[in-house]
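Structural overview for review
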Amino acid sequence: MNASHDADVGGLHDELVRLRHALHREPETGLDLPRTRAKVLAALDGLPLEISTGKRLGSVTAVLRGARPGPAVLLRGDMDALPVQEESGVPYASEVPGVMHACGHDVHTAALVGAARLLAARRDELAGDVVFMFQPGEEGHGGARLMVEEGVLDAAGSRVVAAYGLHVFSTVLPLGVVATRPGPLLAASDAVTVTVTGRGGHGSSPHAAADPVQAVCEMVTALQTMVTRTVDVFDPAVLTVGSLHAGTAHNVIPETARFEATVRSFSAATQRAVREGVHRTVQGVAAAHGVRAEVDYQDLYPPTVNDADEAAFALRTARDLFGAGRAVEAPQPIAGSEDFSLVLQEVPGAFLGLGACPPDRDPAAAPMNHSPQAVYDDAVLVDAAALLARLATDRLALAAAGHAVPTPSPAETSR
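Residues numbered from 1 in each chain as written. Predicted model: local features only at pLDDT ≥ 70, side-chain atom pairs only at ≥ 80, totals over all residues. Heavy atoms only, no water.

**Details of the pairing of strand E16 (residues 349-355)**
Under the convention used in this document: Note on classification: 1.4 Å probe, protein chains only; a residue is buried when its accessible area is under 20% of the maximum for its type, exposed when over 50%, partly exposed between these limits. For helices the rule is a DSSP run of H or I covering at least 4 residues; for strands it is a run of E covering at least 2, with both sets numbered from the N terminus onward. Whether two strands pair depends on DSSP finding at least two bridges between them.
For E16, the tally of buried residues reaches 7 of 7 residues, placing the bulk of the element in the interior. The side-chain alternation of E16 yields two buried faces, one formed by Gly 349, Phe 351, Gly 353 and Gly 355 and the other by Ala 350, Leu 352 and Leu 354. Bridging between strand E6 (residues 178-180) and E16 involves 2 bridges; their strand directions are antiparallel. Each residue of the ladder has a partner; that of Val 178, found in E16, is Leu 354.

And the structure:
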């Protein structure tokens, strides 16, 4: 399957653009995506797929049976949007107030439909099965966890031997460039909420109160110091306080103060160390100020860790498909997070980035994912579909030949 000469890929372009624009105009958030799911089911109608839908979420799982026996691989596309008011200016902009496909999941969904069409057309060549995972609830709702619990990894009748997904970027990567790396690619994401309770009073007499505001201010700065003093610089973490609320008037010491933070890390050890450090630091400062503190620390997503051999295989596949200049090894992880990490905890696989910045924009300065101005170029749709399909066919072919995924050579790992 060659992206530049494959007639099937070329013929898909208009169809995938129409689907992507329809998804973009009617975005939905969370785990229940009835309009999105209906569009996906309509787009898959007529293909030789075994389709099931989720019980606790609006997911779609489709299985394509190859003509010859073999294992199964999984391809994933997430479908949910964000609570963002669109300001992109594109003619197919969201028609739903306050909701936008600001992270490009409409591209992922359309591309996975395209991969299903390409693979269905080559069903006779497949030595094994392909599971298509159309997932809601990636943006903080744990959709991947629910789909794993409902059996998506075993949908073909046996556990998939590998799983692949991709994510488009409106910035950083040039249009059409694929990037991934072995090991950690994306960060773990934790959410922290700290509520401090003191004793309210008059602003003129702080000695007669127990001021939670002063304690919270010290906690915020102490947490930054805690990260820099206790976390290995070569296994880093980031803690950012994004919300802080206290009080109702300038001359009143409030009873409570509250802040929320996000924590990003790239290993289980650092994730654990920061969690312990947050509790220790917050409680220590609270004790010093004579106030009480409650810490709600939630582990949202683990790090997205690529299997080294699968990442090298994915890069080789992308280079074969698009040329060496359009597939690069990422020099370092990115501090964003992804719940595809939950799939990669269960089975080997790889997650890849794909540049979707329009060619008339500078990738270094274009609005980034989650921005109201983010724009993703339709030109990547067929490339994304072809890449997902090629990963499945080549991985099944390796298994059929009795080969494991080749270990990357020193030349490949040093690129």
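**Comments concerning the nonpolar core**
Rules: Only buried Ala, Val, Leu, Ile, Met, Phe, Trp, Tyr and Cys residues count toward a nonpolar core, and they belong to the same one when joined by side-chain atoms within 4.5 Å. Any two residues having at least one pair of non-hydrogen atoms within 4.5 Å are treated as being in contact.
Leu 44, Leu 75, Leu 119, Val 130, Phe 132, Phe 134 and Leu 387 are the most contacted members of the largest nonpolar core, which has 63 residues in total. Tallying contributions element by element places helix H9 (residues 380-400) first for this core, with 13 residues. The contact partners of Leu 387, leaving out residues within four places of it in the chain, are Leu 166, Val 178, Thr 317, Ala 318, Leu 321, Phe 322 and Leu 352. Residues Val 196, Met 226, Val 274 and Val 282 belong to the second largest nonpolar core, which totals 26 residues.

**Some details on the state of the cysteines**
Rules: Our working definition of a disulfide is a cysteine sulfur pair at a distance within 2.5 Å.
The tally for this structure, following the rule as stated, stands at 0 disulfides. With no disulfide of its own, Cys 357 lies 15 Å from the sulfur of Cys 103, the closest cysteine sulfur. By relative accessible area, Cys 357 is classed as buried at 2%.

**Considering the sheet that holds strand E5 (residues 162-169)**
Here is the rule we go by: Only C-alpha atoms enter the line fits that serve as axes; for helices the fit covers just the stretch in contact. Angles between N-to-C directions range over 0 to 180 degrees.
Strands sit in the order E1-E2-E4-E3-E5-E16-E6-E15 across an open sheet of 8 strands; the sheet is mixed. Strands at the two margins of the open sheet, each flanked by one partner only, are strand E1 (49-53) and strand E15 (327-329). Within this sheet the neighbouring strands show an average axis-to-axis angle of 20°, counted without direction. Where E5 and E16 come together, 7 bridges link them in parallel fashion. Residue pairing for E16: Val 168 is matched across the bridge by Leu 354. The sheet strands contacting helix H2 (residues 34-44) are E1, strand E2 (60-65) and strand E4 (127-135), and the helix crosses E2 at an angle near 15°. Running over the sheet, helix H7 (residues 308-322) touches E5, E6, E15 and E16 and is turned about 155° from E15.

**Considering unusual backbone geometry**
Apart from glycine, the bulk of residues carry a negative phi angle, and the bulk of peptide bonds sit in the trans form. Located in the positive-phi region is Val 172, a residue other than glycine, with phi close to 75°. Of note, Val 172 is situated in the loop between E5 and E6. According to the relative accessible area criterion, Val 172 is exposed, its value standing at 61%. For His 370, which is not glycine, the phi dihedral falls at a positive 85°. Take His 370: it is sitting in the loop between E16 and H9. By relative accessible area, which is 37% here, His 370 ends up partly exposed.

**Comments concerning the confidence of the model for the chain**
Heads up, the rule is: What pLDDT reports is the predictor's confidence in each residue, on a scale of 0 through 100.
With 95% of its residues at a pLDDT of 70 or more, the chain has an overall mean of 94. Predicted confidence is poor over residues 1-5, with pLDDT under 50, and the contacts of this stretch with residues over four places away or in other chains come to 13 contacts.

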